[in-house]
Structure formats: C-alpha cells, structure tokens
Amino acid sequence: MFATAVAFWSVSIQSAPRSSHSMYANPRCSVALLLPLGIVSVVLIAGPACADEWGSVKGRFTYAGDAPSASELKADKDIEVCGKHKLVSEELAVGADRGVANIVVFVRDKGVKVHPDLAATKNEKVILDNKGCRFEPHVSFVQTGQTLVIKNSDTVGHNSNVATIKNPPSNSLIPTGGETSLTFASDEALPAQVTCNIHPWMKAWLVVRPNPYAAISKPDGTFEIKNVPAGEIELQIWHEKAGYISEVTVGGKPEKIAKGRKKIKVISGDTDLGEMAIDANLFKK
Amino acid sequence: MPATEQTWRDLKVLHVVFSVTAILLLLSTIAMLAVDHNRPWKKYQRGFQALETWSAAAKVDEQDSSSFEATSKELDASLAKARRADLDSGIAEAFLTQVRMVPADAEAADRGQLDIDMLRQQSDPAERLVLRGDLLQRLSDIASRAKFREDLCAGHLKLCKAKLDKNRADYELGVAENATPKALASLLAVADATRVQVLAATLDTQAANTHRKSLEATLKKLTATEDAAAKSLADHRQKLLLLAKTLKDRAPNFGKSVLELPVLDAFNGPLRIDQLWLPQLTLNNNFRDVARFDRCNTCHKGMDKSLPGAPTEGAYSQTETIPIQLPTAPAAGGGVERGAEEGVKGDGNDQLEQLYGFRLSPHGLFRSEAPTVGVVVPESTAARAGLMSGDVIMDVGGAKTLIRTVATTLLLEAPQWGKPLEIVVQRGVPQPYSSHPRLDLFVGSTSPHPMQTFGCTICHQGQGSATSFMWSSHSANTPKQGHQWHDEHGWANNHHWIYPMLPQRFEESSCLKCHHQVVDLEPSPQFPEPPAPKLVEGYHLIRQYGCYGCHEINGWANPEKRIGPDMRLAPNYHEVAESLVGDPGLPALGNAVARWVEEVRSSPDGKEARQRLLDTLERDAAAGPEAKLSRRSHQLATLLKEPETPGTLPKVGPSLRYVASKVGFDWLYAWLRNPQEFRPSTKMPRFFGLWDHLSGKGLEESQRYEPIEIRSMINYLLGSSQPFQYVKPYDQQRDGITAAPDIQRGKKVVQVRGCLACHQHADFPEAVSTHGPNLSRIGAKMASAPNGPAWLYSWLREPARYHPRTLMPNVLLEPVSLPNGKVSDPAADATAYLLGSTESWKPSDIPAANSLTPAERDATNELALMYLKERFPAVRAAEVLKNGLTADQSAIQGDERMLLGLAGSNRDATLLNYVGKKTIAKLACAGCHDIPGFEDTKAAGAALADWGRKESSKIAFEQVSHFVMHQLEEKHGYSHAESGHSHTALAPRAEPAVDAPLAPDLAYASKAEAHLTPESIDSDTGFFLEKLLAHDREGFLWQKLRAPRSYDYKKTENKTYNERYRMPQFPFNAEQREAVMTFVLGLVAEPPAPQFIHKPTPREEARLKGLVVAEQYNCSGCHSLEMDRWDIRYKPESLGPAQAVADYPFLSPHFTAHDSQKSLVIDRQGRRHATLIGMPQLNPETGKPQLADEDGVPIEDGDTEAVVHRPFMLWQDALIDGEARPVGAQNLLVPDDAFRAGVHYPARGGDLARLLFPVVIADEKQINPNVKPDDAWGWLPPPLVGEGKKVQSGWLHKFLLNPQTIRPSAVLRMPKFNFQSHEAASLVNYFASVDGAEYPYAYDARLDESSLAEAERLHPNHLESALKIVTNNNYCVKCHVVGSYAPPGNPKALAPQLERVHERLQPDYVHGWIANPKRFLPYTGMPVNIPFDKPVSQDLYVGSSEQQLDAITDLLMHFDSFAKKNLSLEAYLKQQPSAPNQPAATPQNPSVPDAAAVSPPPAPSTKDSRSPGVATNLK
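Below is a short write-up of the structure. Predicted model only: the values in this text are computed from it and were never measured.

Quick look at the overall build of chain B now. For chain B, the helix and strand inventory stands at 55 helices and 25 strands. Counting across all 1515 residues of chain B, residues that qualify as buried make up 48%. Relative to all contacts within chain B whose residues are 6 or more apart in sequence, the contacts with residues 24 or more apart total 71%. Within the structure as shown, chain B displays about 73,700 Å² of accessible surface, and the carbon and sulfur contribution to it stands at 56%. Within chain B, one finds 164 positive and 182 negative side-chain charges whose respective centroids are separated by 3 Å.

This next bit is on the overall build of chain A. Scanning chain A from terminus to terminus reveals five helices and 19 strands. Per-residue burial for chain A yields a buried fraction of 53% across its 285 residues. For chain A, the proportion of contacts with a sequence separation of at least 24, taken over those separated by at least 6, is 70%. Of the accessible surface of chain A, which amounts to about 12,600 Å², a share of 55% is contributed by carbon and sulfur atoms.

Now for the sheet that holds strand β9 (residues 179-183) of chain A. Residue and element names in this part refer to chain A. As summarised here, the arrangement of the four strands in space is β4-β3-β6-β9, forming an open sheet in which the pairing is mixed. Since the sheet does not close on itself, it has two edges, and those belong to β4 (134-136) and β9, each with one partner. Put simply, the sheet's adjacent strands are angled 20° from each other on average, direction ignored. Strand direction decides the pairing type here: strand β3 (residues 125-131) and β4, joined by three bridges, are antiparallel. Of the residues in β4, the one forming a bridge with Asp 129 is Glu 136.

On to the pairing of strand β2 (residues 289-294) of chain B. Put simply, side chains in a regular strand alternate between the two faces of the sheet. Residues and elements named next belong to chain B. By the bridge criterion, five bridges tie strand β1 (residues 276-284) to β2 in an arrangement that is antiparallel. Directly across from Trp 277, in β2, lies its bridge partner Phe 293. Between the end of β1 and the start of β2, which pair antiparallel, lie four residues, with Asn 286 showing a positive phi angle near 55°.

Counting 213 residues, the largest nonpolar core has A:Leu148 and B:Phe1079 as the members making the most contacts within it. The biggest single contributor to this core is helix α42 (residues 1247-1263) of chain B, with eight residues. The residues touching A:Leu148, leaving out its near neighbours within four places in the chain, are A:Val126, A:Leu128, A:Val142, A:Thr180, A:Ser181, A:Leu182, A:Phe184 and A:Leu206. In this structure, A:Ile225, A:Val228, A:Ala242 and A:Ile257 belong to the second largest nonpolar core, which totals 32 residues.

With that settled, the discussion passes to the packing of aromatic side chains. Residue and element names in this part refer to chain B. For the structure shown, the criterion picks out 52 aromatic pairs over all chains. Between Phe 957 and Phe 1036, the ring centres sit 5.5 Å apart and the planes meet at 80°, which makes this aromatic pair edge-to-face. Residue Phe 957 is found in the loop between α33 (907-923) and α34 (960-971), and its partner Phe 1036 is found in helix α36 (residues 1033-1042); the two are separated by 79 residues along the sequence. The pair formed by Phe 957 and Phe 1036 is uniform in burial state, with each residue classed as buried. The ring of Phe 1023 has Arg 505 lying over it, and the distance from NZ or CZ to the ring centre is 4.2 Å. Above the ring of Phe 934, the side-chain terminus of Lys 917 is found at 5.5 Å from the ring centroid.

What follows concerns the pattern of salt bridges. A side chain of one charge can pair with a side chain of the opposite charge when the charged atoms of the two come close. Under the counting rule described, the total for this entry stands at 99 salt bridges over all chains. A cluster of three or more residues bridged by salt bridges with shared partners is formed by B:Arg632, B:Arg657, B:Asp930, B:Glu935 and B:Asp936.

Here we take up the packing of helix α26 (residues 743-752) of chain B against helix α30 (residues 826-835) of chain B. Residue and element names in this part refer to chain B. Remark: α26 packs on α30, axes separated minimally by 7 Å, with the N-to-C direction vectors making an angle of 100°. Taken together, the axis directions place α26 and α30 in an arrangement best described as roughly perpendicular. Contacts between α26 and α30 pair Ile 743, Arg 745, Gly 746, Lys 747, Val 749 and Val 750 from the former with Pro 826, Asp 829, Ala 830, Ala 832, Tyr 833 and Leu 834 from the latter. For the contact of α26 with α30, the residue count by class is eight nonpolar, one polar and three charged.

Between chain B and chain A, the contact holds 35 residues from the first and 40 residues from the second. For the chain B and chain A pair, buried surface summed over both sides reaches about 3,100 Å², with 47% attributable to carbon and sulfur atoms. Where chain B touches chain A, the interface holds two salt bridges. A:Lys259 is paired through a salt bridge with B:Asp1199; the nearest N and O atoms lie 2.5 Å apart. In this assembly, chain B and chain A are joined by 23 residue pairs in polar contact (both at pLDDT 80 or more). Of the residues contributing to the side of chain B that touches chain A, the split by class is 14 nonpolar, eleven polar and ten charged.

Glancing now at unusual backbone geometry. Backbone torsion omega between A:Glu136 and A:Pro137 reads 0°, so that peptide bond is classified as cis. Note that A:Pro137 resides in the loop between β4 and β5 (139-143). For the bond running from B:Gln431 to B:Pro432, omega is 5°, close enough to zero to count as cis. Tracing the backbone shows B:Pro432 in the loop between β10 (421-427) and β11 (442-443). Positioned with a positive phi, A:Cys133 is a non-glycine residue whose angle comes to about 60°. The topology assignment puts A:Cys133 in the loop between β3 and β4. Non-glycine residue B:Glu958 carries a positive phi angle of around 50°.

Parameters at a glance
Residues numbered from 1 in each chain as written. Chains lettered and ligands numbered in written order. Predicted model: local features only at pLDDT ≥ 70, side-chain atom pairs only at ≥ 80, totals over all residues. Heavy atoms only, no water. Helix = DSSP H or I, 4+ residues; strand = E, 2+ residues; numbered from the N terminus. Buried < 20%, exposed > 50% of the residue type's maximum accessible area, 1.4 Å probe, protein only. Contact = heavy atoms within 4.5 Å. Areas by Shrake-Rupley, 256 points an atom, 1.4 Å probe, with all protein chains shown as cover. Lys, Arg positive; Asp, Glu negative; His and termini not counted. Charge placed at Lys NZ, Arg CZ, Asp CG, Glu CD. Pairing = 2+ DSSP bridges. Axes fitted to C-alpha atoms, helices over the stretch in contact; angles between N-to-C directions. Core = buried A, V, L, I, M, F, W, Y, C linked by side-chain atoms within 4.5 Å. Phe/Tyr/Trp six-rings, centres within 6.5 Å; stacked < 30°, edge-to-face > 60°. Lys NZ or Arg CZ within 6 Å of the ring centre and 35° of its normal. Salt bridge = Lys/Arg side-chain N within 4 Å of Asp/Glu carboxyl O. Parallel < 35°, antiparallel > 145°, perpendicular 65-115°, else oblique. Nonpolar A, V, L, I, M, F, W, Y, C, P; charged D, E, K, R; others polar. Buried area = accessible area lost by both parts, 1.4 Å probe. Polar contact = N/O pair within 3.5 Å; in protein donor to acceptor, adjacent residues only side chain to side chain.

By themselves, these observations are geometric and do not establish any function.
As structure tokens, then:
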C-alpha cells in the first residue's frame, strides 16, 4: 500500500513538468534526477531505476441494482443437439456478489510498448469454439496478426459470421469437427459481433487489438491487464449491452467516463481501479 | 458652232456642289466604317480574346512559378544523378559480347572493354563523367555501325532482287520470242543463280537486323534510368512550352492590332462573324422551310470551350459567388511580423504564395484593379481549399476587398493564425463569355448535341441570324432582368419575331421537339445528373393529375408521323365490357360471350376476345327485334374496334361504376363540393365554389345552382351504380380464423405489408409517397355508406374485383398464425384499423339527402330547363319540363329519355338524375373516372399537341388581366376601393397555398406608384403578369392553371350559366404550375428532320418502356432500381488500405490498368476521385444514414469531436487508390469531407425498404435480441439491381403476373399487380437491358440436359454426390427449404426453396452465388459453404472446391429432372385395368400426376416426397 502511494506521488509530481524535459527518453529517469528524495523510495521498493517499468491494471465491475437473472434462450433448430443444453442469454451475466462478466477493458493507445514476456503471445492461437450451440468463450480477444481458430465441436453445422469493421468481415460454414483460421490486419475500435445465421440465438464478441493489453471481466467481475508499461494510458471500457461504460461509482463517488474512455496512470506494480459499480439503467439499452 | 469657254452650268457652283458631295461621301464612308468598327459583337470578341489571353497567361504563370522551377531543378538533379551513377558493367559487357559476334567489330569491342576497365578504375568524379560519356558514345557508335552494315546489306538485297527481276524477265521474253531450249535453259540457270544470291542476301540482312536490334535494346537497357530522367525533364519543360505557345497565339500582337484598326478592320479583319449553317434543321419562315443560320457564337464565343483534358467541363463557368474557408498557418504572433519571423519574405504576392500558395494577378480580367487570383500552386493550401485561378476575391473575413492592395493586406493581416479564414470569391465570367453548362449533354463535341450539328436556336429559339442583342430576340427571365437589359443593351421585346428565345425558366421546353418519350430525359446511368428536371416533373404531373383526360396530346400527325409526346387515354375497351356486364340481356348470349366480356374486362389489351365480342355485338345488333342486348350496348360496339394509333394512358381517377357499394351521400357531397376539405393532398381538382372572380348576378347564379349540381351528380352516380359482389371474409370454421379483428395488429399490417409504399397516413409521418391517396381519414369516408366497411375489406383483399384495371395491387393478405397460437385475418385487422382512421373528420353542412326545399326545386327546374332548351325549342322545352316525355315520344334518344317517367311520383329524383348526367357531361368527369353511361365520351378540353405554338390572337384573354391586377393589388396593399366581393358559406374561401413567398422586387419600382407593375412584385409573379398583360401564351396558361374560372370575370352577364368556363382548379403550387407550363409550352408539333429525333437503341428503348411501366405501378416504391451513387473526392489513402481477400479467381474484380491509373490521379486540390455505387449504411434504430468515426464506430448524439465518416456498402466493385475494393468485402468508411466535396446521386426507389428497415429490426428484436441489422434487408423488398443477370426472363414474367413466395423470411410478399402480359414483358426486358443481359431469350449450356452427360462421365454420380452435400446436416438444408422439407426454427432464418432454383435463377448466378454469396448480395447472411481453398468433405463429393461448386450448380439447375428420374409410374399403373390403350392419367387426375400417389413411400423426416432424392438423403 505504501509503495503504491509513493509511486502515485512521484508520478503525479513528475507529470507536471514533463513536457519541458522531453529530452529524456524515460520520464521516470527525469524524476530520479529531479527528485532525489523520491527516487530513493522508488528505488527501494520498485527496484532499479531507469529500467522499463511495468504494472498491472486491475479492478472489478459490479452491478448496482438487483442482479437480473439471465433469460433463457429457446433453441428452435437442431433441437436434438441444441435442445440438450440449457441455453441462456449471455448479454448480461451478473454473478454472485454482483460481479459483471464480459466487460471488455483494453488499452486504447496503439503505439504502447509491449512487455517482452507478452511479445510471444502473438504466436499463440486463440480458439473460438462452437460448442453446445453457443460460442465458447462469449468474448474472445485476439491481437492483430494473431491466428483465431474457429472450431466446431458440435455434431451439427454452424457458421460464424464475423462482423468486423476495419477488417474484411467473414462468414464461413464450419462443418462438424471442422475449423477455420482467421487473422486480422487491423485492430478494431470496438469488439466485433460474431453470430451464427443457422442458429440465430448464438452470439459472441471478438476484441481485436494491436497489443496484448486487453482483458475481459471474469464471472466475478474482476479483470486484470498485466505488464502494462508504466505511465499515462487510456483505457476503453465497453460492454455489449451497455455500450460504452459512461459512468461508474467508485467508493460511493460517481465518476463520468466520456465514451468509456478512462485515462489512468499506470505505476509499477498494481494499479487498482477498485470496485466500480455500474448503474443498472446503463444496461437497459 | 465654235467652241466657247462658256459652260452649261456655272463652274463655280459645280465646284461647290462637287466638293460638298465629296465631303459628304467621305464623311458617310467614315461614319460607315466607324459604325462597322463599333459593331456590338466586336466588343464581345475583343473581350473574349482578352479573356483567353488572360487565362493562357495565368496558366503560363502557374507553370512558370517557383514550384515549376523547383520541379525543373529536381528533375535536372535526378538526370545528373542518373548520369553520375555507375553504369551496369554487366550489361555493358553483355553488349560487348554481342558485338564480338561480328568479327569485324571485335577490335571495337576490345576498345570498349578497355573503356569499361578504365571507368572502373577511375575514381575522380569529373573524369568518370567524361569516361562514361566516351564509353556510351563508343557503344552507340558501334550500334550505328551495325545500322550502317544493315543498310548496306539491305541495299545489296535490293540490288539482288532487281537483278532477279531482270533475269526472270529475260527468261519470260525468251519464252515469248520462242528462244531455243538451250538458250532458255541458260537463262533459267542465270535466274536460279540470282535467286540463290537473293536468298543469301535476305539471310544476311535479317541477321544484321537482329544484331542491330539486340545491340540497341541492350544499349537502351544500359541508359534506361538516364533516358527516363531526361524524358521527364523534357516533358516537364514541354508543358510550359506548349502553354507559352498557346499564349503567343492568343496574345495580341502588332500584326493583329494593325488589322483591327478602324477602316482596316472592314477588310478581312481578324474579328469576324461566326456562323453555323444548319441546312437540315430548317426554320419555318412564313410557310417556307429555310436553312437555319445561327450566329450566336459570334458573341458567345466561349460556348463550347472546355478545360484541357476534360471535354465535359466548361472552361469558363458562369459568374457565381462562392464562400471559401482558407486554412491559415498555425503560429503565435500575427500578420506580417509573423511572416518575417517565420522567414516569410518578399513582396505581398510572395508572402501570399508562401502562406497560402497563391498569387494575385497584376491586373484583373474585367476590372483592372480587382484582386484576381492568378497562380494557385497545385496541392497548396489555397488549392485544397478550392481557390482557383481567375477567382476575384470579394471579401476577406467580412471586409470588402475591391482593390488588390486591400485584399493583400487583409489576407496577410486579418487572419487569426491557425484558424480558417472566411473569404468570398466571385468565380466565373459573365455572359456572353461563359461556356455552356452541361457540356456532357449540350454543345460539347462528345455530347449528344454537338454545336456543329445542332446549332443554338433549334433549342433556344430566337433569331439565329441576328448579331445584336436586341434582334436576336433574347427573352428576359424576370422583369428586372428585362429592365437591366434595356438599360445596358437597349433591349426591347421584339414582337415581330415569332420564335423569341425561351426565357431561362422554360428552356427545357424545347427538349420535347425530339424527345417524344420524355422518360428518356430522366436521369440515366449514362447521364446521372437530371438532364431536364423541370420538364420531366411537368410530364409526371400531367400523368398524375390526368390532364390528358380532357386535353388530348396527340403525338401522331398520322400513323407514320410522330410529332411529339403522345399522351392520350387508352381505348375504353374495359369500360365497354363493364357496361356489358350490367346489360341484363348478356346471359342470354351464352357462357362463351360472358367469358369474352370478362376477358376484355380484365385484360383489355388482348385482341382475340375483343374481336369476338365485337362480332357478337354486331351480329346481335343486326338481329333487329330479336336482339338480346340493349341499344346502348350496340352503340358501344364500335368502341371495341382498334384505332390505328391507340392511346396508352389510363384514366387517373378511381372507377365510379360501383360507387354506391363504397360511399354514401354525405361524403360524396362534401367531396364534390371541395375535395381538399376531406383530403388536403388530393389530386382531384376543385369544380365548385370558385367564386373569387364573380359578383352580382353571376355570383348569385353560382350560389343557387352549384349545390343542386352537386346533388344531382350524386343522384346520378348512386343511381346508375352497378351491383357489386363483396369479397366474403375468411370464415371461422372453414379457414380457422380464431382471432377477432384488432386495431393494433391492423396498424402493423398497414405499416409493414406495403401500404406505405404508395399511401400516406398520419400515424406514419415518415411515409411520404403520394402515389396513392392519403389514408388518414379513410374511416370517415367508409362510414358514409352502410356497406363501406365491407367494401374496404373487399378492396384490401381483392382490389381487382372492384376495378380489374386498378393500379392498387393485391397484397395477398392471407390468414396469419399469431405467436399465441391463434389465427388472424390481416385484412380484417387492417380494415378495423383503417375504419378508425378519421382524424375526427365528418362531413358538415350537408343538405338532407332525400328532400328538396322549394327554392332548391326551383333551381333544379331552371337547370333542367337550360339543358332542355339546348335540345328543344323554348316552348317545347318548358312543356317537357312540366309533363315529361310522353310514351309516344319514346323514340327520342339521348339523355332526355331519362325524363320519360317525369310525370310519375318521383319527379324530383328523375329531374335530379337528368341534371346530374348533364352536369357530369358538362364537367367531363368521365375524363378521369369510369362512369356508367359515359363509355363513349370524348375528351372535353382543347387539344394540346401544338399548344406551344398557339397564336396568341386565337387565345381568349377576356377581362382576366383586370382581374389579376385587382387581385394582386389587393394582396400587395394598393388602395383600390373595388374589393367588394362577398363570399358565402357554401364554399369556404380556400385559396390554395400558392404564391407564398411574395417578396416585392422593388429594385426597379416603388410602392409610391399608383399601380402595381410587374416589377413591383416578386420576379416570378412579375414575369407572368407581364406576359399576361402583353397577351402572351405564358401569361394565359399561368392564370388558366391558377384560377381557370377567372376568365369569366365580368363576362357572366353576357353568358348563360352553362356557357361559363368549366375547367376546374388543380391544387398545384407555383413550382408545379411552372413545370406543367414547361411541358405544355414545349408541345409545338414541329419535329425536326427525322435524323434529329431521338431514337434510342433497342436496349435503351427496352429500358425506357420498362421505366414507364415501373413508374406507373410504382415498382420503385418498394424496390431500388438504381443504387446510391457517390462520386467522391477523397484525400489519398484516407479510405484505409485495401485488405486482400482470397477467393475464387472467377470472382475477382476486373479493372483495366488504365482504370487503375486513372484512380491514382490527384487533382489540384490534392484529392483522388472515385465512384461508389451501393447503399449507405443506415442507423438500425432511426433508419437515417449512419455516421461513424474513423474506426467505424457509430457516433453518438452530441459527439461533436469525432471525425465524421459514412460507412458505405458497395454493390459494384470500386477502385480506391488504384486498388480494387470488391463487393461484399468490407464496408468503406468514407470521410464526410470526401462525400461533401463530391456529388451524390440518390438511389432510384427503395423508399419502403428504407422506411421499414428500423421497424422490422425493432420487431424482430422482440423475438431475437441478437438480430443483426444487415439481416433485416433480407426481409424487405430487395433491390433489383442486377436482376437481369440474376433471374431467368421467362420465370420473371410469370412471377410478375402471378407472384409466388420466394423468401420465407420476408415480412411482406410481392403483391399481385394487374399487369397486362405485355407490361410484365416490358419490365422483364427493362431488367435485362439495364444489366446488359441477353433478352428475351438466352441460351445457357448448363440448362441443357445434354451438358450433364459429360459431367457424369467425368464424375460418376455427379448429381447424387452433390445432393449429399445439399442434404448433409452441415450445409444447405440447415436453412433452405428443399422440396417438402422445411428446416425448423424462426422463419426469419429460413432461406428460399431450392427445388425451384432451376426455373428462377440463371446458372452463372447460382454458381457465383454459392462460391461467395456476399459478392452478389453484400448483406446476405448466407455463409461461404465451399471455401475456394478447402473443399467440403470428400465423403460427400470427391473433388476440388470448384468441382463441388459445379456439381451443386448442376444439381440445382436440373433439380426437377433429377427428381423426376426417381419417379415411377408403377404404383400408378397397377391401379389401372389391363386395357392396353388406356392413357396413364384418368380424368380424376390432372395431367401431371399427383406426386404423392406415384412416389416411393415417404421418408420418415418428410411428409411428402415431391423430391424423393432429398427425402432419402435427409435421414
């Protein structure tokens, strides 16, 4: 806790005069030069100065209001397969403790530095499965250039209609046991819808970003973006039903977020945005 | 007689006389020369010369600007660099190797090699340059030597050949002279030897040639970069040289100036009259056709001048004022100080160039001091902002800039740096210097009307041979303009020239001379900018308001000669048949006749039935007393004969033959009194209560008689109405209707089942089509008759039952299953809803239907007497009125027969009936409506075919100008006491809402004048008032359309009531009136020589014919016939990169290299041009165009920061930045500024689809929250773009006449229109012609069964395996209905029946569609089933993707015969007795056997097995 506070302090101090010291490649170093007192504490806690510093952005979204129960979806096609599963609408999933799942949080800045550990993630394949007549997972995240494999584990045919905007949309039939691979050259400003025309109740979302910094809130409402370069970044917060999350309440204080875009300062270590309660009315679009 | 010194006259006197006459002669000669020197056209020619010189100089300046120098230097540098660069020694050595192949050059090659080595070793740049030059010189010498050798060889070859010729000739001579065989043999030997020499020489030459060419090619390769650099430098300089040459040619020089001097210029000076001689386009000069001479371009010299390289863009536009936002450089500080600080140097012009990128010209064009833009540096700030050379800066940041220095100072000092500077420029040149607008259409050499062929006056009229402003008969467009012309040019209206120029407002009129079809003047793919919008609007108004019902416009002088547009009513066959239906004698003629009557009734254009009916009627008439039919029916027989050139247009009003089944007395009374009372938007004109012009006795008569006329008409209409069979509602028992009619459901039916494509309703304000009547108060109308609701239900279910020729289609409202399990009757729902739509309107002030007051009875008697007096002498008339016709007078024919029973008890009704029929005849109601008893009525009004040339002396202006003056003066507050008209209650004074924007044009007149003048009111009214006062046609027509009855002003005293003018008042507004006038004034019946009459190509003709049908039936109300077209101008790369999509090669877009190059061209504003055809994306909630940010994310309300983009769905492959953007790949994100800088041609049609788009999405969201907006397009009327290449003509024809369900997911079905067969054919041909498809027949080998044999040979079980794919659980049957199999689930996810594809679609379309559906229908949800790189499972079909594609196409195109193959007659035959001659089908069975009876046992998953193959495979 102390470390965070100190880091906040140092960052907030250095942010004001930063523009006049642009000759320094790493603003943190300039802090070190200017504020020997500050550096001591930073060095003590955060490790060697002047090295790239990275932090995690985390937080939790909760539903302010009575948690709605997910409406059931009626499979009216391929009932022998799809009828077996209990299908529910995943548009708004509020878990126990009112955590809101599937809220997408990503770093809007495109030229952001990528942590060496994360560079390799681009080579991993992201799997989007048609399973049990629903998409698994409901929200996928893929980086530009990364391969998205859309599979079909069901015993009926599906098609995956990927409605990207900056990338050519695609709509391929995926027969039982088949798969198709997609890569995306451009990033998408907002998640793209994935649907199945054969089974109109099926829906998923696809986040396409140029870097690995995106997270999707878990059933308990928590999210974490790891190894974000320290400094000022802009987060985009979005949910399929609410659209831009334009207002949250943190610690009882309402906070407006224009277009769901929140500027934060990432510090080395954890940057915790705390518990963000979202008004139920926001989801009533 | 000796000679004397004496003269006959006094010499002194003679000297004086002589000197005086000599001086006079001299003076008059000088005066003559002076007048000649100052002829007005010379002034304009000099002006034009100055203009041309100025613009040439500006172009030279622009080229010669600093940027030109910079480019020159750059190119120079790159040339120098190319020269300094190392030569590719590899190529050089290859050259030498080639050289060595000729031994003679070996030495030269060695020396060359030495040079190369030296060059390689040399390091000093200067030395290297010299060595390099030497080397290249040496190499080129070698090449020259090779050329020299080649020439030698060629010379030698020539010599040999000559020798051979000579030797052959010697031999021939020898033969001819009978030389000895020996001698002949030797001659032959010599010739042979020479032939060998020739052969050798030929080979040598060829070798030398090859050698030389290869040397040159290598040398060229060696110097390629250098040559290219040298060429671009030369090109760059050449441009300037060319411009300079143009300037030199144009600029005045000493020689020219001398020739233009007074006196000298009278003798072949450079200024001359230009003249177009048009011998074919004759001019009627008092009964004699003479050749036309147009000298207009003597003054209008810039008419055909276009910009270099753009033949359709005028070089000199007409003067207009344009505001421009000029971005300024960002900076702190301001003004010149800032300039100095930032290094902006030089004089004002230099600073302007550095800051904005333009310079002011040292002298203005028409005013020397005017701040005129000279040079605009291409792609500079100024160029991007749209500033052009020649613009005169009028205003900078709100301050006027009349002189150059002020402008310069303001431009340098006024701006807030960093913010755009608002400036106003005047662009273009005044008349007569400007170029003709629309050079793509007119005057331009590539246009359809080149100046040399058409001249000017054939369109504009006026006196072409005149060379002065006055005598060329210019016509002012407004009184103000006339006044200005008078002041500037001494202009006055020349009444003596009968073809004065058309004023600008009517200039489109002339198009009708040659464009008789009129629809060819609508926007077309070739000319998307409307060629004649006003005229076309006039045409449509005349069609919609049915003017031709009374005023025939006959386009034929005789059956061989077309003279203009043809707008006449179609023959009344249909009405005759309707009348026969009402003849009680008809059943006695038998069933066959009844059938013919029915056939003529519903399809009057068919010849066969009509001819037979005509014969029958004539035979019956000849039977005398035995005749079965009434005399009236016999009279109508002649109407069934076909005229030589029958009219084609329908009556515009609804049929009134069964009107009693529909509406009652009260509503009819209110309606006839003033149709706008009930329906403000009606097209029905107003006949009654038009009293503004009346006073005294005339007014009193109108007030007394009109109510009786209205009542009598109603009496006749209701009394003569024929009985009508209502449609029976669906039955609860029989049809299983379980839901009671519901207003809310009915509202939805009206909203989504297509009504709004033609009708308006107050509940749906966004529906604006005026094709059908407004339904907001329809309930009030239907409530007026007891059976009104039943009628409305019948009408909704089967409109053709009421009127077989109605334009209202049958929208096929069949019982619907509701989500709650009940079944509803949508027609009953809609009826319930519409009956409730009244807007609380009720007929008011309606007299009692069944009784007359004594005063009314008197008026009725008076009216009847008036009509009787037209038939009988006065005394007799009075007697008939009193006693009626007696039985012995029953031989009397005509309407008076109606008075036979007058003496009876029902005197009032009989008399009203008689007066009613007479009134209907008088007012010509039958011009628009089908009314019993009026089948043989002729057009009542003046024919209009040549009205545009009607002599004004033959037009009765009566006292109308006084009336109009009074009216206008009252309106504009001129105090004239004479405003004593009183208006009583019968007709609320409802002046149509016209002439609203009356802004007095007081520039030339003041209110102080006692009288109103044309110049003291707004220029439009003023124009017409002036024309009216001058007794011109335009004035007459204007007032005739405004207030037709006003021509009775002060005339009623002198006329009987029935002699008054009868034309009703149409609810036109001022623009509509002018459009109608434009059309009528163009009807001149003066077709030019046949070669000038517009004759479309057969394809174009098919398009136009189809267009007429499509417009009549409002096809475009639902369907897009043409997509939106955006001609955008975008900043390079601003539409994002093209992303490659791998697909079947046959689907890739094809553009030529030339097209790609063209799309890379950057204009002066730094933008590229592209044409996008498709659909702008709509907001799924509002249905308005979607706006998005640069990432494609929709912009939310109130977001002002986002950079606006418009997502656009392509329907035609486009080229952006030189790269193809294929249909179906990705929506383009078009920056809003690119859209705004370009041109937008809106889609033709599809309004209903766009209107319903958000509605059906919202509806579907209730069921499926996941609904994707794009899918909604699939439930709405589809765009018909590409239809010609998509469907088979035969199928489409059948479908149009009897539409079937195609897409189960659609929310509304294609309705059944009452098309005649030929109308449907016109539509089919339309689609084929616009898409460039074959029609009416097209052969496709894939449809031919013989093509299957080869496929089967290559791939056994070709179709069976394909069926495996179709029926596999992963593919087609997931969504498509196949045969009797329908996939379960939401109908919105169902796809069309595959069984019928073979008759509906074209094979190529099916093939491409399966390959990638989005390439054909970008919004489709159908996935790619067979990816081009990944065939479907080989278990189903062994083969590549393409083979599988072919197999499915083959299967679908032969589905029918494939299914039939499995059909067995065995079971069927078993039932038959063993009689050998018994045919297979028994009378109980239709000729096509019932499939269920003959197919194998049904498969478990299907109920029926029309397609047995499918059934077996579906398991």
